[in-house]
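# Close look at the chain arrangement
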Amino acid sequence: MSLQQDIMTAMKAAMKSKDQTALAALRAVKSEILLAQTETGSKEEITEDQEIKILSKLVKQRKDSAAIFSEQNREDLAEPEIAQAAVISQFLPAQLSEAEIEKVVVETIAVTGAVGMKDMGKVMGMVNQKLAGQADGKTISTIVKAKLS
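An account of the accompanying structure is given in this report. Since this is a predicted model, take the numbers as computed values, not measurements.

One non-glycine residue with positive phi stands out, namely Lys-18, at about 60 degrees. For Lys-18, a relative accessible area of 67% puts it in the exposed group.

On to the pattern of salt bridges, then. A complete count under the given rule lists 5 salt bridges for this structure. Its salt-bridge partner being Asp-64, residue Lys-60 comes within 2.9 Å of it at the nearest N-O pair. On the criterion of helical spacing, the pair formed by Lys-60 and Asp-64 is a turn pair, its members being 4 residues apart in helix α3 (residues 48-71). Using a relative accessible area of 47% as the deciding quantity, one classes Lys-60 as partly exposed. Salt-bridge contacts for Asp-119 lead to Lys-118; the nearest nitrogen and oxygen are separated by 3.8 Å.

What counts and how
- Residues numbered from 1 in each chain as written.
- Predicted model: local features only at pLDDT ≥ 70, side-chain atom pairs only at ≥ 80, totals over all residues.
- Heavy atoms only, no water.
- Buried < 20%, exposed > 50% of the residue type's maximum accessible area, 1.4 Å probe, protein only.
- Salt bridge = Lys/Arg side-chain N within 4 Å of Asp/Glu carboxyl O.
- Helix = DSSP H or I, 4+ residues; strand = E, 2+ residues; numbered from the N terminus.

In short, the description is geometric, and any link to function would need to be established separately.
Below is the structure:
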């Protein structure tokens with residue numbers, strides 16, 4: 001089943017259970033997918049890589065918003081954002097642990113022959129391609145910096 005079908009099924013379930021948080025999150029996902037489809041002008045579905053990028057972007061937006069709200073002591077606004085991020089995360093591939101990410105980073109550094117911070121961009125590009133949707137870019141960046149410095 002495609003992501004769009006999964007989203008529609010989940011939306012129906014959220015409507016039946018009157019879960020407004022899940023419904024808002026799923027509507028946002030559906031909207032972003034439709035925008036991505038109309039952007040390219042194609043009637044066919046978008047690729048799985050594009051879907052993962054969209055979902056990752058939406059989760060990151062919600063987590064960033066929640067962090068800002070928490071800094072401003074607005075937990076009443078942060079909680080729905082965190083809940084929506086959790087709903088959207090269900091459709092992402094399983095996230096890797098830091099140890100697994102570190103293993104991929106070390107392998108990539110060995111393959112590319114990177115020696116210092118000047119090679120960080122090359123390593124980041126390759127690791128991001130390998131771990132698309134499975135790891136947060138910030139975590140990857142932190143690990144790459146630690147290994148190259």
